[in-house]
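# Chains, contacts and geometry: an overview
Spelled out from the first residue to the last, the chains are:
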Amino acid sequence: MAYQPKRRKMTAEINVVPYIDVMLVLLIIFMVTAPFVTQGVDVDLPQTSNAKTAAELAKEEDSGAFIIVEVDQNGGLGLSVNNGDMVRGLTLQDMLIRVRAELEINPKSPVLVGGDGRVPYSEIILTLDALNQAGVSSVGLMTEPLDS
C-alpha cells in the first residue's frame, strides 16, 4: 500500500502582529513630530522704518489696483478698491465676496489689512484667517511710518 499524504484543511488567518508593530512606530513618530507642526496665516509684515505705501505696492505688482480691508474699533469691516471710497458696515461674508470678485478681475492685486489701534487683536486675526480660507495667498498689514 502506497503512502497517502494527509490532506490538511486550509485556514485563512491574518497575522496582525506586524501591523500592530508598524502602527506603534507610526504613533511614536507622530507624537514626536506633533509639537513642531505650527498653524498660522502667512502674512507679509512690513517694517515700519521702511514701509511702502499702497501705491508703491500696486506699482511693484504691475496690477495698478490694490485692495484695502479695514477693521474699525468696534470690529466693523470696510473695503476700498484702488484707493476708492471706503465701503463701511460690511459683514465678513460680504467683504469676502467682494475681495474674491476683485481678485478674479485682477489676480495680482495686493490685499492690505489695516486695523484701528484700539481694535482687539483677535478681530484682525479672524479677518486674516477668513481671507486665507477665501484663497487670498498674500496679505500685507498696514502700518503708519515712524516719525523721525
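The preceding data block contains the structure.
Now for a look at the structure at hand. (Residues numbered from 1 in each chain as written. Predicted model: local features only at pLDDT ≥ 70, side-chain atom pairs only at ≥ 80, totals over all residues. Heavy atoms only, no water.)

Looking only at helices and strands, the chain features four helices and five strands. Within the chain, the fraction of its 148 residues that count as buried is 24%. Sequence-distant contacts, at least 24 apart, represent 60% of the contacts inside the chain between residues at least 6 apart. Of the roughly 11,700 Å² that the chain leaves accessible, carbon and sulfur atoms contribute 56%. (Helix = DSSP H or I, 4+ residues; strand = E, 2+ residues; numbered from the N terminus. Buried < 20%, exposed > 50% of the residue type's maximum accessible area, 1.4 Å probe, protein only. Contact = heavy atoms within 4.5 Å. Areas by Shrake-Rupley, 256 points an atom, 1.4 Å probe, with all protein chains shown as cover.)

Right, let's get into the sheet that holds strand E1 (residues 67–71). Strand order in the open sheet made by the five strands is E3-E2-E1-E4-E5, with mixed pairing throughout. Each edge of the open sheet carries a strand with a single partner, namely strand E3 (87–90) and strand E5 (139–141). Shown here is a sheet whose adjacent strand axes are inclined to one another by a mean of 25°, direction ignored. Where strand E4 (residues 111–115) lies against E5, three bridges are found, and the strand directions are parallel. Looking across to E5, one finds that Leu112 is bridged to Gly140. (Pairing = 2+ DSSP bridges. Axes fitted to C-alpha atoms, helices over the stretch in contact; angles between N-to-C directions.)

The contact between helix H3 (residues 92–105) and helix H4 (residues 121–133) brings their axes to 10 Å, and the two run at 45°. On the basis of the axis angle, H3 is oblique to H4. H4 is crossed by H3, and the crossing has right-handed handedness. Contact residues: Leu92, Met95, Leu96 and Val99 in H3; Thr127, Ala130 and Leu131 in H4. Grouping the amino acids of the contact of H3 with H4 by side-chain chemistry returns six nonpolar, one polar and no charged. (Parallel < 35°, antiparallel > 145°, perpendicular 65-115°, else oblique. Left-handed = near helix turned anticlockwise from the far one by under 90°. Nonpolar A, V, L, I, M, F, W, Y, C, P; charged D, E, K, R; others polar.)

This brings us to the side chain of Thr127. Residue placement: Thr127 occurs in helix H4. For Thr127, the side chain forms a polar contact with the main-chain oxygen of Glu123, separated by 2.9 Å. In contact with Thr127, other than residues within four places in its own chain, are Val69, Val71, Leu77 and Met95. (Polar contact = N/O pair within 3.5 Å; in protein donor to acceptor, adjacent residues only side chain to side chain.)

With that settled, the discussion passes to the nonpolar core. Formed by 21 residues in total, the largest nonpolar core has its most connected members in Ile67, Val69, Met95, Val99, Val113, Leu131 and Val136. When contributions to this core are tallied by element, the ones reaching two or more residues are E1, strand E2 (77–81), H3, E4, H4 and E5. For Val69, the residues in contact, after removing those within four places along its chain, are Leu77, Gly78, Leu79, Met95, Val99, Leu112, Val113, Gly114 and Thr127. (Core = buried A, V, L, I, M, F, W, Y, C linked by side-chain atoms within 4.5 Å.)

Note that all results are geometric; they support no functional claim without further evidence.
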